[in-house]
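If you want the building blocks of each chain, they are given just below.
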Amino acid sequence: MTETPVKQQNTAAFYGQAVLSFGLALAAVTVGIIKLEASAWVRGFLGIAVLYLTTSAFTLAKVVRDRQEAGQIVSRVDQARLEKMLAEHDPFQKL
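Worth saying up front: this structure is predicted, and the values here are computed from it rather than measured.

Topic: the overall build of the protein
Each helix and strand in the protein was counted, giving two helices and zero strands. Residues counted as buried form 2% of the 95 residues belonging to the protein. Carbon and sulfur atoms provide 67% of the accessible area of the protein, an area that totals close to 9200 Å².

Digging into the pattern of salt bridges
Close approach of charged atoms allows side chains with opposite charge to pair. All told, the structure shown has two salt bridges when counted by the stated rule. Between Asp66 and Lys62 there is a salt bridge, with its nearest N and O atoms 2.6 Å apart. Note that Asp66 and Lys62 are positioned in helix H2 (residues 40–88) at a spacing of four residues, about one turn of the helix. The salt bridge involving Asp66 is made with Arg65; its shortest N-O contact spans 3.2 Å. Given the relative accessible area of 42%, Arg65 is considered partly exposed.

What to know about the packing of aromatic side chains
To describe a pair of aromatic rings, you give the distance between the ring centres and the angle between the ring planes. Tallied over the full model, the rule gives one aromatic pair. Seen in terms of ring centroids, Phe22 and Phe58 are 5.3 Å apart; in terms of plane orientation they differ by 75°. Their pairing is edge-to-face. Highlighted residues: Phe22 in helix H1 (residues 12–35) and Phe58 in helix H2, separated in sequence by 36 residues. Owing to a relative accessible area of 37%, Phe22 belongs among the partly exposed residues under this scheme.

Cut-offs applied
- Residues numbered from 1 in each chain as written.
- Predicted model: local features only at pLDDT ≥ 70, side-chain atom pairs only at ≥ 80, totals over all residues.
- Heavy atoms only, no water.
- Helix = DSSP H or I, 4+ residues; strand = E, 2+ residues; numbered from the N terminus.
- Buried < 20%, exposed > 50% of the residue type's maximum accessible area, 1.4 Å probe, protein only.
- Areas by Shrake-Rupley, 256 points an atom, 1.4 Å probe, with all protein chains shown as cover.
- Salt bridge = Lys/Arg side-chain N within 4 Å of Asp/Glu carboxyl O.
- Phe/Tyr/Trp six-rings, centres within 6.5 Å; stacked < 30°, edge-to-face > 60°.

In short, shape yes, function no, at least from these values alone.
Written as structure tokens, this is what we have:
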């Protein structure tokens, strides 16, 4: 009576597209900063800002994913408890 949810997996093509898109965007920004007609301090600041933004985006994505996975675990535990209670319940038992 229990339904096991299907684990959703990304396809290899989607994963490859995401990695390629990230690499291309990071490379474009890096080339743009290098070619920028500004002093080394300005280019350095922009480079550090891009690295900080990138690491912050990865951290945010991980935190959001972890929170969503934790919610799924709690939901599964609650569902298992409910199923156990329903399986043990006898509606014809006298109280």
